[in-house]
Amino acid sequence: AKRSAVSDQNVILSFSMVEQPLVTELTLEGNSVLSNQRIRELIRIDQGSFFSRSSFREDPDRIKREYLDRGYADVTIHQEQKTDEETNTVSITYHIDEGLQSRIDQIAFQGNESFSDSTLKRQLISKEQSLFNRGIFIESQLDKDREAVLTFYRDRGYIDAEITDVSIEAVETDRGRKAL
């Protein structure tokens, strides 16, 4: 803001504007489990939209959550942006390493004396891989499984029951999967 040369009562306001760059290219590399269309549904930035730093930071987490829900716990996502200052445009590339899908090969319990392994397994959301179950490991279900076992024990009078440890051992299978 400057005082006007004409009168002290007048003020000249100058605004300096900088436009957000336009996303001219969005490239997805390394994805085979999720289609390009599905990933574009998950993210906020798309070709033809204006670039947003906050969406650029948050979009990989949205993609990662979808992979985790499908049993890909080792997924890594790296993103890259190239800005052209002259044309005020940006190109974005997502590099996705899906890793191996995790499947539950075996669930075992230790220290359970009152209830059998099979009884406790029925309480779990997570299931072993079998003819009728894909056995996909979803890490977010682990807390629900812990609580289900504790609730089962407490409902049967074992008020002091506790789960002292949950260990997960990963072994790569010959079919390009990770067995747990």
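Every value quoted in this text rests on a predicted model; they were computed, and no experiment measured them.

A.B. asks: Quick one: what's the story with the layout of surface pockets, residue by residue and with numbers?
C.D. replies: Volume-wise, the largest pocket comes out at about 1100 Å³. Split into classes, the residues belonging to the lining of the largest pocket amount to 19 nonpolar, eight polar and seven charged.

A.B. asks: Report on the pattern of salt bridges, specifying residues and quantitative values.
C.D. replies: This model, assessed by the stated rule, comprises 10 salt bridges. Here E58 ties to R62 by a salt bridge, and the two come within 3.3 Å at their closest N and O atoms. Of this pair, E58 and R62 are both found in helix 2 (residues 53-69), four residues apart, which corresponds to roughly one turn of the helix. Overall, R62 belongs to the buried group, its relative accessible area being 16%. One salt bridge in this structure joins E128 and K121, with 2.9 Å as the shortest N-O distance.

A.B. asks: Any details on the environment of G48? Residues and values, ideally.
C.D. replies: Mapped onto the secondary structure, G48 falls in the loop between helix 1 (36-42) and helix 2. The residues contacting G48, other than those within four sequence positions of it, are L22 and V23.

A.B. asks: Any chance you could break down helix 4 (residues 142-155) for me, citing the residues and the numbers?
C.D. replies: For helix 4, spanning 14 residues, the distance from its first C-alpha to its last is 20 Å, which sits close to the expected 20 Å at 1.5 Å a residue. Of all the positions in helix 4, only D145, V149, L150, F152 and Y153 are classed as buried. Down the axis of helix 4, the buried side of the element spans an arc of 155 degrees, and every buried residue falls inside it. Residues D143, K144 and D155 are exposed on helix 4 and point more than 90 degrees away from its buried face. Elements in contact with the buried residues of helix 4: helix 3 (117-121).

A.B. asks: So what's going on with the pairing of strand 4 (residues 76-84)? Residues and values would help.
C.D. replies: Relative to strand 5 (residues 89-97), strand 4 is paired through nine bridges, and the arrangement is antiparallel. Residue pairing across strands places D84 opposite T89, the latter belonging to strand 5. Here strand 4 folds back onto strand 5 in antiparallel fashion, the turn holding four residues, of which N88 has a positive phi close to 55 degrees.

A.B. asks: Account for the environment of K178, with residues named and values stated.
C.D. replies: By the element assignment, K178 lies in strand 8 (residues 178-179). Taking relative accessible area as the criterion, K178 reaches 15% and is therefore assigned buried. Those residues within four positions of K178 in sequence are excluded, and the remaining contacts are D74, L100, Q101, S102, R103, A170, V171 and E172. At a separation of 2.5 Å, a polar atom in the side chain of K178 contacts the side chain of D74.

A.B. asks: I'd like a description of the nonpolar core, backed by residues and values.
C.D. replies: By size, the foremost hydrophobic cluster in this structure holds 19 residues, and its most contacted members are I39, F51, I63, Y67, I92, Y94 and I96. Sorting the residues of this core by element identifies strand 3 (22-29), helix 1, helix 2 and strand 5 as the ones contributing at least two each. Of the residues forming this core, the biggest block, four residues, is contributed by strand 5. Setting aside residues up to four positions removed in sequence, F51 forms contacts with Q20, P21, V23, I45, F56, Q81, V90 and I92.

Here is what the cut-offs are and how they apply
Residues numbered from 1 in each chain as written. Predicted model: local features only at pLDDT ≥ 70, side-chain atom pairs only at ≥ 80, totals over all residues. Heavy atoms only, no water. 1 Å grid on protein atoms, 1.4 Å probe; cavity = no way out; pocket = protein on both sides within 12 Å on 5 of 7 lines; lining within 4 Å. Points joined across faces, edges and corners; volume = space filled by probe spheres on them. Nonpolar A, V, L, I, M, F, W, Y, C, P; charged D, E, K, R; others polar. Salt bridge = Lys/Arg side-chain N within 4 Å of Asp/Glu carboxyl O. Helix = DSSP H or I, 4+ residues; strand = E, 2+ residues; numbered from the N terminus. Buried < 20%, exposed > 50% of the residue type's maximum accessible area, 1.4 Å probe, protein only. Contact = heavy atoms within 4.5 Å. Expected span 1.5 Å × (residues − 1). Arc of directions from axis to C-beta. Pairing = 2+ DSSP bridges. Polar contact = N/O pair within 3.5 Å; in protein donor to acceptor, adjacent residues only side chain to side chain. Core = buried A, V, L, I, M, F, W, Y, C linked by side-chain atoms within 4.5 Å.

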